[in-house]
Amino acid sequence: MESSAIADRRQLRRKLGFWRIVAVLLLIGLGFALYRFAGGDLGADKGPQVARVAVTGLIQDDKELLERLKKIEDDDRVKALVVSISSTGGTTYGGERIFKAIRAVAAKKPVVSDIRTVAASAGYMVATAGDDIVAGEASITGSIGVLLQYPQVKTLLDKLGVSMESIKSSPMKAEPSPFNPPSDETKAMINNMVMDSYGWFVDLVAERRKLPREQVLKLADGSIFTGRQALANKLVDSLGGDDAIRAYLETRNVKKDLPIVDWEAPSRTSPFFLSGAASRIVTLLGYGDLIDGEDAQKMLSEKLFLDGLLSVWQGVGH
């Protein structure tokens with residue numbers, strides 16, 4: 001066989017070998033992506049550990065987070081849980097469900113709530129589920145309370161010459177309505193509902209923080225507190241960060257050298273999904289400096305309107 005033909009065959013083999021390696025790597029990458037998409041646990045291949053979950057942004061009825069907390073509860077390799085919270089709150093019901101899921105974990109292993117920049121309203125509700133609450137000196141917390149908001153568009157519709165007529169089975173049906181001012185009976189109904197949930201929230205804080213209800217009521221006027229103020233009012237247990245968390249866990253016989261493993265939500269971001277595509281369009285149009293692509297994606301991923309009672313602190317930028 002001519003030397004040139006031998007050389008060509010060797011070159012062809014090298015090319016085929018290269019593309020076989022690329023194909024194998026792509027299959028491995030695809031398999032890993034599908035595993036994460038399907039809900040693979042980040043901590044599943046680890047040994048004894050301290051699990052950490054993040055509760056961030058708008059708190060809602062988060063089925064995926066509840067499932068993740070259940071896995072942590074049942075995993076014997078997890079010796080403790082750290083709940084890292086950065087949230088101004090959300091729905092009262094969403095906070096309640098997360099609170100109960102964390103308490104289920106706490107029935108089996110120690111739980112520390114780590115208040116980061118802000119854990120207010122439903123964010124603080126979630127924090128009270130921890131056996132110990134650690135905050136930064138300048139963290140923002142508190143805002144214990146409940147509200148219900150709805151728009152009033154009747155004045156605008158009157159200017160446009162548009163009216164909304166309703167035929168109802170009873171006066172309280174579909175109230176409050178954005179199309180007419182609330183009656184005294186409607187206001188009373190809303191107030192009773194809000195105050196019932198507020199009373200539940202106050203009782204929860206009193207029970208979890210071992211404080212007299214009267215003392216909690218004085219704090220539960222919607223006020224927010226720094227970490228230092230929260231410590232003085234016994235809303236948190238200590239100030240600090242990882243060192244304070246480790247110090248508490250040592251008192252619960254959790255070894256200091258155990259790794260902290262982040263149990264993150266499976267990534268479902270894709271350029272083919274609406275929110276992922278929107279974030280890229282913002283960048284391509286040259287508005288990345290005005291609206292961060294990830295912020296746009298988050299806004300589209302979360303509901304613009306919340307159903308139900310809210311426990312949320314409406315701080316600057318929220």
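Notes on the structure in this doc start here. Keep in mind that this is a model prediction, so the values were computed, not measured.

It is worth spelling out the overall build of the chain at this point. Per the secondary structure count, the chain includes 11 helices and nine strands. Out of the 318 residues in the chain, the part that is buried amounts to 38%. Within the chain, residue pairs in contact and separated by at least 24 positions form 76% of the contacts whose partners lie at least 6 positions apart. When the accessible surface of the chain is totalled, it reaches about 19100 Å², and 57% of it is carbon and sulfur.

To continue, consider the nonpolar core. When a protein is soluble and globular, its nonpolar side chains tend to lie buried together. Judged by nonpolar contacts, the single largest core of 50 residues is most densely connected at Ile72, Leu81, Val83, Ile102, Val126 and Leu235. Per element, the largest residue contribution to this core is eight residues, and it comes from helix 6 (residues 184-209). Excluding residues that lie within four positions of it along the chain, leucine 235 makes contacts with Tyr124, Ile133, Ile144, Val205, Arg209, Leu219, Phe225 and Ala230.

Bringing the pattern of salt bridges into the picture now. This model, assessed by the stated rule, comprises 17 salt bridges. For glutamate 64, the salt bridge identified is with arginine 68, shortest N-O distance 2.7 Å. A residue pair is termed a helical-turn pair when its members lie 3 or 4 positions apart in one helix, as glutamate 64 and arginine 68 do in helix 2 (residues 63-74) at four residues. Taking the relative accessible area as the measure of exposure, glutamate 64 reaches 23% and is therefore partly exposed. Taking the shortest distance from any N to any O, the salt bridge between arginine 252 and aspartate 131 comes out at 3.4 Å.

Moving on, we come to the pairing of strand 1 (residues 49-59). Note that strand 1 and strand 2 (residues 78-91) share 10 bridges and pair parallel. In the sheet register, arginine 52 faces strand 2, and the bridge partner there is valine 82.

Structurally, leucine 231 is set in helix 8 (residues 227-232). In this structure the C-alpha to C-alpha distance between leucine 231 and alanine 135, which are 96 residues apart in sequence, comes to 8.5 Å. Filtering out sequence-adjacent residues up to four positions away, leucine 231 remains in contact with Val236, Asp237, Ser238 and Leu239.

Right, let's get into the side chain of arginine 208. Relative to the elements of secondary structure, arginine 208 occurs in helix 6. Buried charge without a partner: arginine 208 forms no salt bridge, and the closest opposite charge is aspartate 131, 4.3 Å away. A polar contact is formed between the side chain of arginine 208 and the backbone oxygen of glycine 130, at a distance of 3.0 Å. Beyond its immediate stretch of four places on either side in the chain, arginine 208 contacts Phe99, Arg103, Thr128, Ala129, Gly130 and Asp131.

Before going further, it helps to spend a moment on unusual backbone geometry. Proline 176 follows glutamate 175 through a cis peptide bond whose omega is 5 degrees. Looking at the secondary structure, you find proline 176 in the loop between helix 5 (154-160) and helix 6. Not every positive phi belongs to a glycine, and serine 143 is a case in point at roughly 55 degrees. Among the secondary structure elements, serine 143 is positioned in the loop between strand 5 (140-142) and helix 5.

For strand 2, a buried count of 12 out of 14 residues is recorded, marking the element as mostly surrounded by other parts of the structure. As a crossover connection, the stretch from strand 1 through helix 2 into strand 2 is right-handed. Two strands pair when backbone bridges link them, and strand 2 and strand 3 (residues 111-120) are joined in this way by six bridges, in the parallel orientation. Considered in strand 3, the bridge of leucine 81 is made with valine 111.

Here is what the cut-offs are and how they apply
Once a new chain begins, its residue numbering starts again from 1 and follows that chain's sequence as written. A pLDDT threshold of at least 70 governs which residues receive local features in this predicted model, and a stricter bar of 80 or more applies before side-chain atom pairs are shown or counted, although totals over entire chains, interfaces and linings include all residues. Neither water nor hydrogens contribute to the side-chain values; these are computed over all heavy atoms in the structure. Secondary structure elements follow DSSP: runs of H or I of four or more residues count as helices, runs of E of two or more count as strands, with numbering from the N terminus. Summary of the burial criterion: residues with accessible area below 20% of their type's maximum are buried, those above 50% are exposed, and those between are partly exposed, where the area comes from a 1.4 Å probe applied to protein chains only. Residue contacts are counted whenever heavy atoms from the two residues lie within 4.5 Å of one another. All accessibility values rest on the Shrake-Rupley procedure with a 1.4 Å probe; residue burial counts only the protein chains present in the view. Grouping buried Ala, Val, Leu, Ile, Met, Phe, Trp, Tyr and Cys residues that are joined through side-chain atoms within 4.5 Å yields what is termed a nonpolar core. Each salt bridge in this description consists of a side-chain nitrogen of Lys or Arg and a carboxyl oxygen of Asp or Glu lying within 4 Å of one another. A pair of strands is treated as paired once DSSP finds two or more bridges between them. By the counting scheme adopted, Arg and Lys are positive, Glu and Asp are negative, and His together with the chain ends is not counted. We call two N or O atoms a polar contact when they sit within 3.5 Å, provided that within protein one can donate a hydrogen and the other can accept it, with sequence-adjacent residues counted only if both atoms are side-chain atoms. For crossovers, right-handed means that the path from the first strand over the helix to the second runs clockwise, given strands pointing away from the viewer.

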